[in-house]
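Given next are the chains, with one letter for each unit.
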Amino acid sequence: MSFTRRQILAGLAGVAVVGLGAGGARYWLGRPADSAGHDYELIAAPMQVELVPGHATEVWAYGGQAPGLELRARQGDWLRVRFINHLPQPTTIHWHGIRLPLEMDGVPYLSQLPVLPGEYFDYRFRVEDAGTFWYHPHTSSAEQLGRGLVGPLIIEEREGSGFRHERTLNLKHWHLDREGAFSDFSVPREAARGGTPGVLSSLNGVHAPTLELPAGQVVRLRILNLDNTLTYRLNLPDAEVRIYALDGHPIQPRPLGKEYWLGPGMRIDVGLRVPEAGRELALRNGPLRLGTLRSVVAGEAPGDWPAALPANPVAEPDLARAQKLRFNFEWAGALSADTGEGAVPTFWQINGQAWDINDKTCVERPIATLHKNGHYIFELRNVSQYQHPIHLHGLVFKVLSSNRKRIEPYFTDTYLLGRNETAQVALVADNPGVWMFHCHVIDHMETGLMAAIEVV
Ligand code: C2O
Ligand code: CU
Ligand code: CU
């Protein structure tokens, strides 16, 4: 595959960075009708923050924040981001959940060359779907995401959502020791199990913060799991909460219930009826508090539950004529041949094939070939004792059924496949390209659980 070398050497101080502060700030020009120019200049750079009280941690930030700057665009418009790499390593940006042309998908050696330190790359694409999405590198992922290169991407509904208030809640754990220094992002014995967990929780980059919400209003909370490995068992005891969208895509609103398992890479949009002023609610992961929501007096008439969000323009798969493909997600530990220094161990495989992140030719051997505009049912079979949030680039699929739980069919880009679960999902292969298909537990993905699916 050959590349137009869009990346131009920018030099560390070379680019005129209009409107940016020291670390880079939001830069919104707002000329959404065409693909020329850019809406954001987004810089990735090291930055000191205090995650452990009294200690500095050097995170890697997008736009001077970790998690990164919130990017926004309106459904149907172009999103135009000039991405500038001021990190000490090559990187890319992948736009998780966005259906876009392959050249904009941010997979190194497949959709573009890595953006080298000092270079920039212009990402430009039209956003067809409204919802809560996110962005992250697709290079040295355990380290780069682990150091903070994860950020929310919000696509606003073209006609409005019916919510007068909203908040974005970015969830991430940090791999830190007591002095705020980074510990290993991936250790083999954990990668071979559930993934290497971070130890310090954060909500919008702060450990267990308190957020204020307007009393009496129904607020949209966009909750994103930007963590490398953890599945959050989300719950909000004693709160009135309804789910409005899963992974960006609207559903018929329904109560949150006791808890919702939000795997790595997944998002949930809920409506929360904020109680009378002075009350506090806990947003929790199982029994652990991730943050506190405090209701404060709002000079506004009480709000009501908005109607369901408008559906995204996703093609409906025709199950009667769909072709069925099976994908087995398996443990491969026994097959691992550790070839010595610098080699990445292989613990996982899809249909008997393990991805090697150091082998650039893997992208040339897709695990499946789909016909453009063909209809498919994927049977996803997890034959392991660990859960895998299975994610597909470039396309959206509909979850149909599972042998483990009742499914209300819905569209998504990531499905949390439980241990020993078999699920059926369906899609129309309407976006030509070569699309990564992987587990979003980053150290599973980096030790084999990744493949490419081509649509031609
Ligand atoms: Cu968030 Cu390859 O994905
Ligand atoms: Cu993705
Ligand atoms: Cu996995």
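Given the structure is predicted, the values throughout are model-derived calculations rather than measurements.

Participant: What's the story with the coordination of the copper ion (ligand 3) in this structure? I'm lost.
Facilitator: Put simply, a metal with four donors set out as a tetrahedron has ideal angles of 109.5 degrees, and one with six donors set out as an octahedron has ideal angles of 90 or 180 degrees. Protein ligation of the copper ion (ligand 3) involves His 388 (ND1), Cys 439 (SG) and His 444 (ND1), the donor distances falling in the range 2.0 to 2.1 Å. Between consecutive donors of the copper ion (ligand 3), the numbers of intervening residues give the motif H-x50-C-x4-H. For the residue pair Cys 439 and His 444, the accessibility class agrees, reading buried in each case.

Participant: When you look at the UniProt feature "domain: Plastocyanin-like" (unreviewed entry) in the protein in this model, what are you seeing that I'm missing?
Facilitator: With numbering matched to this structure, UniProt assigns "domain: Plastocyanin-like" (unreviewed entry) to residues 48–159 and 354–455. Taken end to end, residues 354–455 comprises 4% helix and 49% strand; its first and last C-alpha atoms sit 21 Å apart.

Participant: What exactly am I supposed to notice about the nonpolar core here?
Facilitator: Note that soluble globular proteins tend to have their nonpolar side chains buried in a common cluster. Grouped together as the largest cluster of nonpolar side chains are 82 residues, with contacts concentrated most on Ile 223, Ile 268, Phe 327 and Phe 378. Ignoring any residue separated from it by four or fewer positions in sequence, one finds Phe 327 in contact with Ile 350, Asn 351, Ile 367, Ala 368, Phe 378, Glu 379, Leu 380, Arg 381, Phe 437 and Ile 453. Leu 79, Phe 83, Val 115 and Leu 149 belong to the second-largest nonpolar core, a separate cluster that totals 27 residues.

Participant: I'm lost on the coordination of the copper ion (ligand 2) in this one. Help?
Facilitator: Bound to the copper ion (ligand 2) are the protein donor atoms His 94 (NE2) and His 391 (NE2), situated 1.9 Å from the metal. Highlighted residues: His 94 in strand 6 (residues 94–96) and His 391 in strand 25 (residues 388–392), separated in sequence by 297 residues. His 391 carries the same exposure label as His 94, and that label is buried.

Participant: Any chance you could explain the domain arrangement of the protein here in plain terms?
Facilitator: One widely used convention gives an interface's size as the accessible area the parts lose upon coming together. The assigned domain composition of the protein is domain 1 (8–155), domain 2 (165–296) and domain 3 (319–455). Taken together, the contacts link 21 residues of domain 1 with 21 residues of domain 3. Summed over both partners, the interface of domain 1 with domain 3 buries about 1,500 Å², with 66% contributed by carbon and sulfur atoms. Across the contact surface, domain 1 and domain 3 share 0 salt bridges. The tally of links between domain 1 and domain 3 comes to 12 residue pairs in polar contact (both at pLDDT 80 or more).

Participant: Which parts of the structure should I look at to understand the side chain of Ser 384?
Facilitator: In this fold, Ser 384 is placed in the loop between strand 24 (375–383) and strand 25. Looking at Ser 384, the relative accessible area reads 5%, which means it is buried. In this structure the side chain of Ser 384 is engaged in a polar contact, spanning 3.0 Å, whose partner is the side chain of His 388. In this view, Ser 384 contacts Phe 329, Trp 331, Trp 348, Arg 419 and Asn 420; residues no more than four positions away in its chain are not counted.

Participant: Help me out: how do you make sense of the sheet that holds strand 14 (residues 232–235) in this one?
Facilitator: Where strands meet in a sheet, backbone hydrogen bonds hold them as pairs that are either parallel or antiparallel. The strand order across the open sheet formed by 5 strands is 12-20-19-14-17, and the pairing between neighbours is mixed. The open sheet has two edge strands, strand 12 (210–214) and strand 17 (260–262), and neither has a second partner. Strand-to-strand twist of the sheet, defined as the mean angle between neighbouring strand axes without regard to direction, takes the value 30°.

Participant: What is the right way to look at the pairing of strand 14 in this model?
Facilitator: A regular strand places its side chains on the two faces of the sheet in alternate fashion. The pairing of strand 14 with strand 17 spans 3 bridges and is classified as antiparallel. Note on strand 17: the bridge partner recorded for Tyr 232 is Leu 262. Where strand 14 meets strand 19 (residues 280–285), 2 bridges bridge the pair, whose relative direction is antiparallel. Within strand 19, the residue paired with Leu 234 across the bridge is Asn 285.

Rules and cut-offs
Residues numbered from 1 in each chain as written. Chains lettered and ligands numbered in written order. Predicted model: local features only at pLDDT ≥ 70, side-chain atom pairs only at ≥ 80, totals over all residues. Heavy atoms only, no water. Donors = N, O, S within 2.8 Å, 3.2 Å for Na, K, Ca; no water. Buried < 20%, exposed > 50% of the residue type's maximum accessible area, 1.4 Å probe, protein only. UniProt positions renumbered as here; feature names shortened; annotations may be inferred. Helix = DSSP H or I, 4+ residues; strand = E, 2+ residues; numbered from the N terminus. Core = buried A, V, L, I, M, F, W, Y, C linked by side-chain atoms within 4.5 Å. Contact = heavy atoms within 4.5 Å. Domains from an automatic or database assignment. Buried area = accessible area lost by both parts, 1.4 Å probe. Salt bridge = Lys/Arg side-chain N within 4 Å of Asp/Glu carboxyl O. Polar contact = N/O pair within 3.5 Å; in protein donor to acceptor, adjacent residues only side chain to side chain. Pairing = 2+ DSSP bridges. Axes fitted to C-alpha atoms, helices over the stretch in contact; angles between N-to-C directions.

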